Amino acid sequence: MRRVAQLLLAAVVVASCGPGGQDSETTVVFAASSLVDVLNDLSNDGESAFAHAVMSFASSASLSAQVADGAPVGLFVSADRQQIDELVASGFGMSDPQVVARNSLVIAVETGNPLGIQTLDDLTRSDLLLAVAAPGVPLGEYSEAMLIAAGVQVSPVTFEADARAVLGKVALGEVDAGIVYATDAMSTTDVDAVHIPEADSVAIEYVALEITTAPGHANELLSELLGERGQQVLLERGFVLP
Amino acid sequence: MTSRQRHEARAPLVLSIFGTFAVIFFVLPLLALAVRVPWSSLVDVLGNEATTEALVLSIMTSVITTLIAVVFGVPLAWLLARSSMPGRQTIRAICTLSMVLPPVVAGVALLASLGRRGVVGQLLDDWIGLRLPFTMPAVVIAQLFVAMPFLVLTVESGFARSSTAVEEAARTLGASPWYVFSRVTVPATRSAILAGAVLTWARALGEFGATITFAGNFPGATRTLPIATYLALETNVDDALLISMLMVILSLVILVALRGRWIGAIGGER
């Protein structure tokens, strides 16, 4: 009972120090939602600096807005380079931004690929139902850029709100194919991923920036992410190394 | 009316305080929305083809949904209220479950039944080549699934409350069951039917989760106003605010216009 009380007290003390704040023990990490599995894998290891960090995942756009509003963040890993550049321009960067990983686009198809989809051109087949992400959300923008660069004209039946929604439609068999991030296709056994060379035409970079607001152990965290262990987990989760 | 006024005069302070907080809770977000809306670009957004397309689709599908809900929901409500059908409690629970389900779950359930790989959907595809997902009928089905219970429950309580004396008199005079229903029961409960239809329409108009899950998002076919609003949040917050305000005004106008009948049916007094 006493032990529980002590733990509770510790929790209250930590909480009242605020995430980050002046407390040098915990560092707040903001990361794009697609990194949730990677950072959770890292933090499951008690030795990892991430085990002692407070992590928050959301879309890069909303996290970036919070950093710009002065949220007490130490490390921000964004899926969008432009937001990082804007934060650097506003003086939030402790050091230069660093690319920690890359992602690419793949065609998600039903397990076993019954329709034998091999190339981007196969998506133009008239008997094929295709789902893509809506223009406006990052995945939708990347998909559109890739299709335009490849000169492939498709007629999707639906424009989904995010990568997970596209993946769901493929996994449930409602569409025959969907364009998603390679990491999302790897996250489930319900779909197979068809890799396409045209994906190289879009650069999807995850860029990390140490933030001046509440740096804490940000440097240590970034080193771990760029180090052997961090890069190994990123590879396991389907990312491409920088 | 006098009894109601006496009641108001006696309202305990604590009820007034808590009740006022409840009012603020509902008014504040609407007010904040109205303040933040960039009214100057109203004309631009309304003139935007994508918005008008979504608006037209939303109004069309929600009206069709309401009509179908009345055609099937009123008979169901009558069976629940008046018949001696066995297992009525269970049937009522099942038929109104979608009201409390998370809409996305409702959408997944519809895919599991009517989707291309669904239990029934697969048969429809094999037999007549009919595929519902990603079509306008799918939008109506999604809306109907989550919104019809509002009609059923409202009309059922209307049937349960209305006196059966006139119906019995009509039967004694030789009227057929259908004549009694259409000429006596329905006119006596029309305010409940109207209230139920309005609730259903409002819920259908705002439907998002089941629609995007079951019907997807395609301009002109399945992109309704709520879906357009959600996607606009990612790209253009001003547009999202304006479309939200459009929906608020649309719903408010209808609810206020029908207020008298609404309260009459729900509150049991006029």
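Residues numbered from 1 in each chain as written. Chains lettered and ligands numbered in written order. Predicted model: local features only at pLDDT ≥ 70, side-chain atom pairs only at ≥ 80, totals over all residues.

*Asks:* I'd like to hear about the overall build of chain B, residue by residue, with values.
*Replies:* Looking only at helices and strands, chain B has 15 helices and zero strands in total. By principal-axis analysis of the C-alpha atoms, chain B measures approximately 65 × 65 × 30 Å. A separation of at least 24 residues holds for 77% of the contacts in chain B among residues at least 6 apart in sequence. (Helix = DSSP H or I, 4+ residues; strand = E, 2+ residues; numbered from the N terminus. Contact = placed C-beta atoms within 7 Å.)

*Asks:* For the overall build of chain A, give the residues involved together with the corresponding values.
*Replies:* Broken down by element type, chain A carries nine helices and ten strands. When burial is assessed residue by residue, chain A has 45% of its 242 residues classed as buried. (Buried ≥ 20, exposed ≤ 12 C-beta atoms within 10 Å, placed from the backbone.)

*Asks:* How would you summarise the domain arrangement of chain A if you had to cite specific residues and measurements?
*Replies:* One widely used convention gives an interface's size as the accessible area the parts lose upon coming together. Residue and element names in this part refer to chain A. Under the domain assignment, chain A is made up of domain 1 (21-102 + 204-236) and domain 2 (105-201). Relative to domain 2, the C-alpha centre of domain 1 lies at a distance of 28 Å. Each side of the interface is counted separately: domain 1 has five residues, and domain 2 has five residues. Of the residues belonging to the side of domain 1 that touches domain 2, the class tally is two nonpolar, one polar and two charged. (Domains from an automatic or database assignment. Nonpolar A, V, L, I, M, F, W, Y, C, P; charged D, E, K, R; others polar.)

*Asks:* Give me the lowdown on the interface of chain A and chain B, citing residues and values where you can.
*Replies:* Counting residues at the interface gives eleven residues for chain A, matched by 14 residues for chain B. Within the side of chain A that touches chain B, the residues separate by chemical class into six nonpolar, three polar and two charged.

*Asks:* Can you tell me about the sheet that holds strand β5 (residues 105-110) of chain A, naming the residues and giving the values?
*Replies:* One key point about sheets: their strands pair by backbone hydrogen bonds, in either a parallel or an antiparallel sense. Residues and elements named next belong to chain A. If you walk across this open sheet you meet the five strands as β7-β6-β8-β5-β9, and the pairing is mixed. The open sheet has two free edges, formed respectively by β7 (158-160) and β9 (191-195), since each of these has just one partner strand. Averaged over all neighbouring strand pairs, the angle between strand axes comes to 35°, with direction disregarded. Examined bridge by bridge, strand β6 (residues 130-133) and β7 share three bridges and lie parallel to one another. When the sheet's bridge partners are listed, Val132 is paired in β7 with Phe159. Helix α5 (residues 138-150) rests against β5, β6, β7 and β8 (177-181) of the sheet, and its axis sits at about 120° to β6. (Pairing = 2+ DSSP bridges. Axes fitted to C-alpha atoms, helices over the stretch in contact; angles between N-to-C directions.)

*Asks:* Kindly report on the sheet that holds strand β4 (residues 98-103) of chain A, identifying the contributing residues and their values.
*Replies:* Residue and element names in this part refer to chain A. Reading across the sheet, the five strands line up as β2-β1-β3-β10-β4 and stay open at both edges, with mixed pairing between neighbours. Only two strands of the sheet have a single partner each, and these edge strands are β2 (54-58) and β4. Neighbour to neighbour, the strand axes of the sheet diverge by 15° on average, direction disregarded. Pairing of strand β3 (residues 75-78) with strand β10 (residues 204-210) involves four bridges; the strand directions are antiparallel. Residue Val77 lies in a different strand from β10, and its bridge partner there is Ala208. Set on the sheet, helix α4 (residues 81-89) makes contact with β3 and β10; between it and β10 the angle comes to about 25°.

*Asks:* Go over helix α8 (residues 218-226) of chain A, please, and point to the residues and values.
*Replies:* All names here are of chain A. Every buried residue belonging to α8 is among Ala218, Leu221, Leu222, Glu224 and Leu225, and all of these are buried. Considered in projection along α8, the buried side chains sweep an arc of 160° and stay on one side of the axis. At its buried positions, α8 is contacted by β1 (28-32), α2 (36-43), β3, β4, β10 and α9 (228-236). (Arc of directions from axis to C-beta.)

*Asks:* Please provide a residue-by-residue account of helix α13 (residues 225-235) of chain B, values included.
*Replies:* Those residues of α13 of chain B that sit buried are Leu225, Pro226, Ile227, Ala228, Thr229, Leu231 and Ala232 of chain B. Contacts made by the buried residues of α13 of chain B are with α4 (49-82), α11 (190-206), α12 (209-214) and α14 (237-257) of chain B.

*Asks:* Residue-level account of the environment of Val109 of chain A, with values.
*Replies:* All names here are of chain A. Mapped onto the secondary structure, Val109 falls in strand β5. Judged by C-beta crowding, with 24 C-beta atoms within 10 Å, Val109 ranks as buried. Considered as a pair, Val109 and Val166 are 57 residues apart in the sequence and their alpha carbons are 11 Å apart. Aside from chain neighbours lying at most four places away, what touches Val109 is Leu115, Ile117, Val170, Asp176, Ala177, Val191, Asp192 and Val194.

*Asks:* So what's going on with the nonpolar core? Residues and values would help.
*Replies:* Of all hydrophobic cores here, the largest spans 92 residues; its most connected members are Val106, Ala108, Val166 and Val180 of chain A together with Ile141 and Ala142 of chain B. Here the element with the most residues in this core is helix α8 (residues 136-161) of chain B; it accounts for 15 residues. Residue contacts for Ala142 of chain B: discarding those within four places in its chain leaves Gly107, Leu110, Glu207, Ala210, Thr211, Phe214 and Ala215 of chain B. (Core = buried A, V, L, I, M, F, W, Y, C linked by C-beta atoms within 7 Å.)

*Asks:* Mind laying out the packing of α8 of chain B against α11 of chain B, listing which residues take part and the relevant values?
*Replies:* All names here are of chain B. For the pair α8 and α11, interaxial distance at closest approach is 8 Å and the crossing angle is 160°. Here α11 runs roughly antiparallel to α8, going by the angle between their axes. The chirality of how α8 crosses α11 is right-handed. On α11, the residues touching Gln143, Val146, Ala147, Met148, Phe150, Leu151, Thr154, Val155, Ser157 and Gly158 of α8 are Ala192, Ile193, Ala195, Gly196, Ala197, Leu199, Thr200, Arg203 and Ala204. Counted by class, the contact of α8 with α11 contains twelve nonpolar, six polar and one charged residues. (Parallel < 35°, antiparallel > 145°, perpendicular 65-115°, else oblique. Left-handed = near helix turned anticlockwise from the far one by under 90°.)

*Asks:* So what about unusual backbone geometry? Which residues, and what values?
*Replies:* Here the phi dihedral of Asn113 of chain A falls at roughly 45°; this positive angle occurs in a residue that is not glycine. The class for Asn113 of chain A is partly exposed, based on 16 C-beta atoms found within 10 Å. Located in the positive-phi region is Phe134 of chain B, a residue other than glycine, with phi close to 70°. Here Phe134 of chain B is to be found in the loop between α7 (121-128) and α8. Residue classification places Phe134 of chain B among the buried residues on the basis of 23 C-beta atoms within 10 Å.

*Asks:* Now, about the pairing of β5 of chain A: what can you tell me, with residues and values included?
*Replies:* Residues and elements named next belong to chain A. The element β5 is largely enclosed, with a buried count of five among its six residues. With five bridges connecting them, β5 and β8 associate as antiparallel partners. From the neighbouring strand, Val109 faces β8, where its bridge partner is Ala177. The sheet contact formed by β5 and β9 spans five bridges and is antiparallel. Paired with Glu110 across the two strands is Val191, which belongs to β9.

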